[in-house]
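Tertiary structure, described
Spelled out from the first residue to the last, the chains are:
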Amino acid sequence: MSRTEEAQTPCVAILGTCDTKLDELLYVRDRLVNFYHVRVKLVDVGRTPSTHPLVDITQPTILAMSASHAGPSGPLDVSKLSRAELITALAERAGPILASLAATRDLHGLVALGGSGGSALAAAVMRRLPLGFPKLLVSTMAAGDVRPFLGEADVALLYSVVDIAGLNDILCPTLDNAAGAVAGMARAYHARIRAEFIAAAESGGRRTKRIAITMFGVTTPAVTKARDLLAAYDCSPYVFHATGAGGRAMERLISEGFFDGVLDLTTTELADELVGGVLSAGPHRLEAAAGAGVPQVVSLGALDMVNFGPRATVPERFVKAGRRLHEHNPSVTLMRTTREECETLGRMIAEKLLSAGARPGKTEIWVPRGGVSLLDTAGEAFWDPEADEALVRALKDELQGERQIRVVEREEDINHPAFVESMVQSLARLMQLERVPASRGSSGAAGPQTTSSL
């Protein structure tokens, strides 16, 4: 293959333990090369190194790298490592190798085969690869709970049905599908990054500013309005569903420098983290933007609720306590946060932003006095002015004397168009967004507000 043909042909890495799954890995390799005509790199992450001539990145090559990928290190004696230690050692070294190939555009997709250990190793490698890079894991574990493997990574999963231990008429069609899928994804990715490279060259490297937005069903009207308003500016909004995984993905991308601004309208995942709901984003929600100095406008969306599955799954302690429940749909039951929980949430928000290093002129908190969700307005199921007041009072008390965070209080509820319009205008000011020509002269927001730099 000539250099020109190489540059025009995507390359797919095949990762697996060649000491236990060589036949299956070579089967996928054959399909990729001879049926789908892509280049391949076979990566061996087995305990016992394979000497097969078609292995491109050998196990000794991987283990010779330092875990930080700063360069070669001394040889690692795998005989002294437990299975878990070996998986960690190989993932820490293989991940940076493949990430480096992806960064230089020499790699355009990754497919891995694995059981429980192989899937854990492959998923750890895949989590190091960039968002949008094709990642496909064929796994015996794919039909179960895969959250411990994948976290918030954009990995495609294919259940192997049978164990990956011998070619047969169940496994082979699955591997055929995997080869076809990753080849197609790699071709699409290859074409996309080439187009992006050309577009970047034509624009002089300038790109549209990116804004992360958080949404829940009960804040959808607010986010829909925000997106409409942001269309008047030279920016691209990215909406994250505040389901735990959504919040984690957003925080990760902020910390990686993907976003230029954040409209964190829906901070409900904090309530699940505090109370024990099923949609927690973990202990580091609401920290990345403040830590990175990314402009953000934060609100209190859906802090009136904690999420559970079907009504029968609500913990008995809450049922016995007579907590206020609302069946959002047959699969989701919402529980109203109490006054005490709201008070804690107010303090939590302030503490998180301050401890993460919120900077003057970078962070604002917008308080909708009329309610924090569709359910938290007068006459609705979760309307509780005392709980909402406890939330706001604790927030302001914790910020007393702290001048780096601006707090804006308005009388509307969170989904009111005037509240949303003012939030968007404030974020546009913090980010110094430019209006697109077609929207010059559009009207500003109206409505009463009080501002305190606490």
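Refer to the structure above for everything that follows.
Residues numbered from 1 in each chain as written. Predicted model: local features only at pLDDT ≥ 70, side-chain atom pairs only at ≥ 80, totals over all residues. Heavy atoms only, no water.

**Points about the overall build of the chain**
Helices and strands together make up the secondary structure of the chain, namely 15 helices and 15 strands. With an accessible surface of roughly 19,800 Å², the chain has 52% of that area assigned to carbon and sulfur atoms. (Helix = DSSP H or I, 4+ residues; strand = E, 2+ residues; numbered from the N terminus. Areas by Shrake-Rupley, 256 points an atom, 1.4 Å probe, with all protein chains shown as cover.)

**What about the pattern of salt bridges?**
Overall, the coordinates contain 22 salt bridges when judged by the stated rule. Residue R31 is joined to D176 by a salt bridge in which the shortest nitrogen-to-oxygen separation is 3.0 Å. Of this pair, R31 sits in helix α2 (residues 18-35) while D176 sits in helix α7 (residues 171-202), and the two are 145 residues apart along the sequence. As a salt-bridge pair, E343 and R347 come within 3.3 Å of each other at their nearest N and O atoms. Here the residue E343 and the residue R347 both occupy positions in helix α13 (residues 339-356), the gap between them amounting to four residues, near one helical turn. On the basis of relative accessibility, which here comes to 32%, the residue E343 falls in the partly exposed class. Several salt bridges converge on common partners, so that one network encompasses R369, E389, R393, K396 and E409. (Salt bridge = Lys/Arg side-chain N within 4 Å of Asp/Glu carboxyl O. Buried < 20%, exposed > 50% of the residue type's maximum accessible area, 1.4 Å probe, protein only.)

**Comments concerning the environment of C235**
When you line up the elements, C235 lands in strand β7 (residues 235-241). Residues C235 and G379, 144 residues apart in the sequence, show an inter-C-alpha distance of 37 Å. With residues up to four places along the chain from it excluded, the contact list for C235 reads T208, K209, I211, L230 and L433. (Contact = heavy atoms within 4.5 Å.)

**Here's the deal with the sheet that holds strand β12 (residues 332-336)**
The strand order across the open sheet formed by three strands is β10-β12-β11, and the pairing between neighbours is antiparallel. If you trace the sheet from one side to the other, it starts and ends with β10 (305-308) and β11 (325-329), each paired once. Neighbour-to-neighbour, the strand axes of the sheet open up by a mean angle of 30°, direction not taken into account. In terms of strand pairing, β11 meets β12 through four bridges, oriented antiparallel. By the bridge assignment for β12, N329 is matched with V332. (Pairing = 2+ DSSP bridges. Axes fitted to C-alpha atoms, helices over the stretch in contact; angles between N-to-C directions.)

In short, the description is geometric, and any link to function would need to be established separately.
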